[in-house]
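What follows is each chain in one-letter form.
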Amino acid sequence: MITGSIDKLTPQGAIGWLYHRELMEPVRIRAFLDNELIGETLASSYRADLHQVGLGDGHCGFDMSFTRPISESHLPFIKIKPDSIDLSLSLTGKAVYLDLLHAVLSNAHGAGRNRSILGGLWTDRTDAAQILTGRLAVGSCVADMQPMLQELIANGFVVLPGVLAPNGMTRKDALALDLQGKSIAQDVDRDARLREALDTLAKLIFRDVAVRLLRAVFDDHPVIYSLDKIEEEMEFHQAASLEALPSPAESLLLYVGFPGGNSRLDFIRESHEMAEFGPSGKSRWTFEGASDLGSLAKQEGLSIGEAEFGNLDIVVVSPGLVHRVSGSSRAPVLAAFATPRRITPLRFLSGSDSWVEVNHVSGARIRI
């Protein structure tokens, strides 16, 4: 059996190894690009690491220089194989896909793309501002939505001031939050009370401005899948990390304050425009990755912004923003997790849980 791999592949050459215990002579290694021979050498260099793991006497490594520099965008298409043997060596360690992606982005600075390998909402793309301009031009987005969408794209969140006037969120509205965690399958009375409370919340949250904004972002009707009352300072997190979704990056968080004082949103400035992976190597689209970035921001004194909101306001936070909200027993915060109707959380798809659902006249709905 012949074994081997490419440990490093660059525009100048390749480093790797090839071993066969029954071959008495070193094997010649050749590199091809579109059937063009671009390099060759013998797999005869001594490598102590290979010797230590029992690959003969360790003289099976190679360091090949190409006959000409190769563009990074062509690296994934290079084929490296032993002479006269139908075997292509695979690359270990650094993924060639990342080399290709880096080359594409380096040569096409203005190319629009999602900021996550998972894809996501159009507002989280690098060309979101241009997409918005196009939507306005063709009439698929009404002009009065432009300022709110521009703010969401630029800052990663937008505060909709006073949209819940005249009364806003009240403490009576907490009834649905207190009931939703209890069993509803065997209690008809609780089921009825929960539906009534959810209907009240739906009429409150799904005001015209809020629904039209959510629909513009989602390209679909919005559905709220969880309602939580926050009464403490949360850890830094990010919308897509709070619920297991088939498409995790297609989600938003809505926050509303209760009476008793203004609430606060803390956010890492421009975090919705950061690369997906932070210093720890964890994706900021996971709870652990977002929390790590939040801890790093506090330790290093990175720029953390603040925004206040009250019980007449709705805060809409994009899927890419690393943030936290601060509530208290005196002034709690309602957190609502929303997705487009085309996306359903995995726990609802499993069939293991029952749920209660209310529909709003706008086409929006709450399901918990």
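This structure is a prediction, so every number in the text was calculated from the model and none was measured. Counting restarts for each chain, with residues numbered from 1 along the sequence as it is written. Totals for whole chains, interfaces and linings use every residue, but because this is a predicted model, local features are given only for residues with pLDDT of at least 70 and side-chain atom pairs only at 80 or more, for both listing and counting. Water and hydrogen atoms were dropped before computing side-chain values, which therefore reflect all heavy atoms in the structure.

**Topic: the pairing of strand S12 (residues 304-309)**
- The side-chain alternation of S12 yields one buried face, formed by Gly305, Ala307 and Phe309, and one unburied face, formed by Ile304, Glu306 and Glu308.
- Any two strands are treated as partners once DSSP identifies two or more bridges connecting them. Working definition: helices are DSSP H or I runs of at least four residues, strands are E runs of at least two. Numbering for both runs from the N terminus. Here strand S11 (residues 263-268) pairs with S12 via six bridges, running antiparallel. If you follow Phe267 over to S12, its bridge partner there is Gly305. Three labels apply to residues, based on accessible area from a 1.4 Å probe with only protein chains included: buried if under 20% of the type maximum, exposed if over 50%, partly exposed otherwise in between.

**Remarks on helix H3 (residues 128-138)**
- Residues of H3 that are buried: Ala128, Leu132 and Arg135. Buried residues of H3, seen end-on, are gathered within an arc of 60° and therefore sit on one face of the element. Within H3, the exposed residues directed more than 90 degrees away from the buried face are Gln130, Thr133, Ala137 and Val138.
- Just downstream of H3 lies Gly139, where phi reads positive at about 85°. Each direction from the helix axis to a C-beta atom contributes to the arc, which is the arc of those directions.

**A look at the sheet that holds strand S1 (residues 3-9)**
- If you trace the four strands from one edge of the open sheet to the other, you get S1-S2-S6-S5, paired in antiparallel fashion. Strands with a single pairing partner mark the edges of an open sheet, and in this sheet they are S1 and strand S5 (45-46).
- Where S5 lies against strand S6 (residues 59-65), two bridges are found, and the strand directions are antiparallel. Note that in S6 the partner of Ser45 across the bridge is Gly61.

**A look at unusual backbone geometry**
- Cis peptide bonds are those with omega within 30 degrees of zero, and the linkage from Ala165 to Pro166 qualifies with 10°.
- Here Pro166 shows up in the loop between strand S8 (157-160) and helix H5 (175-179).
- The backbone of Asp219 shows a phi angle near 55°, a positive value even though the residue is not glycine.
- Here Asp219 lies in the loop between helix H7 (208-218) and strand S9 (222-230).
- The partly exposed category is assigned to Asp219, whose relative accessible area is 47%.
- One non-glycine residue, Glu270, adopts positive backbone phi at about 65°.
- Within the secondary structure, Glu270 sits in the loop between S11 and helix H8 (287-300).

**Overview of the packing of H3 against helix H4 (residues 146-155)**
- The angle between two axes is taken between their N-to-C directions and runs from 0 to 180 degrees, where each axis is a line fitted to C-alpha atoms and a helix contributes only its stretch in contact. It is the contact of H3 with H4, at a shortest axis distance of 10 Å, that shows an interaxial angle of 165°. Accordingly, the angle class assigned to the pair H3 and H4 is roughly antiparallel. In this structure, the crossing between H3 and H4 has a hand that is right-handed. Only Gln146, Leu149, Gln150 and Ile153 of H4 make contact with H3, whose side of the interface consists of Ala128, Ala129, Leu132 and Leu136.
- By residue class, the composition of the contact of H3 with H4 is six nonpolar, two polar and no charged. These descriptions rest on fixed angle ranges, namely under 35 degrees for roughly parallel, over 145 for roughly antiparallel, 65 to 115 for roughly perpendicular, and the rest for oblique. It is the rotation of the near helix from the far one that decides the hand of a crossing: anticlockwise by less than a right angle makes it left-handed, clockwise makes it right-handed. Contacts are assigned to residue pairs with any non-hydrogen atoms lying within 4.5 Å of each other. When residue character is reported, Ala, Val, Leu, Ile, Met, Phe, Trp, Tyr, Cys and Pro are called nonpolar, Asp, Glu, Lys and Arg charged, and the others, Gly included, polar.

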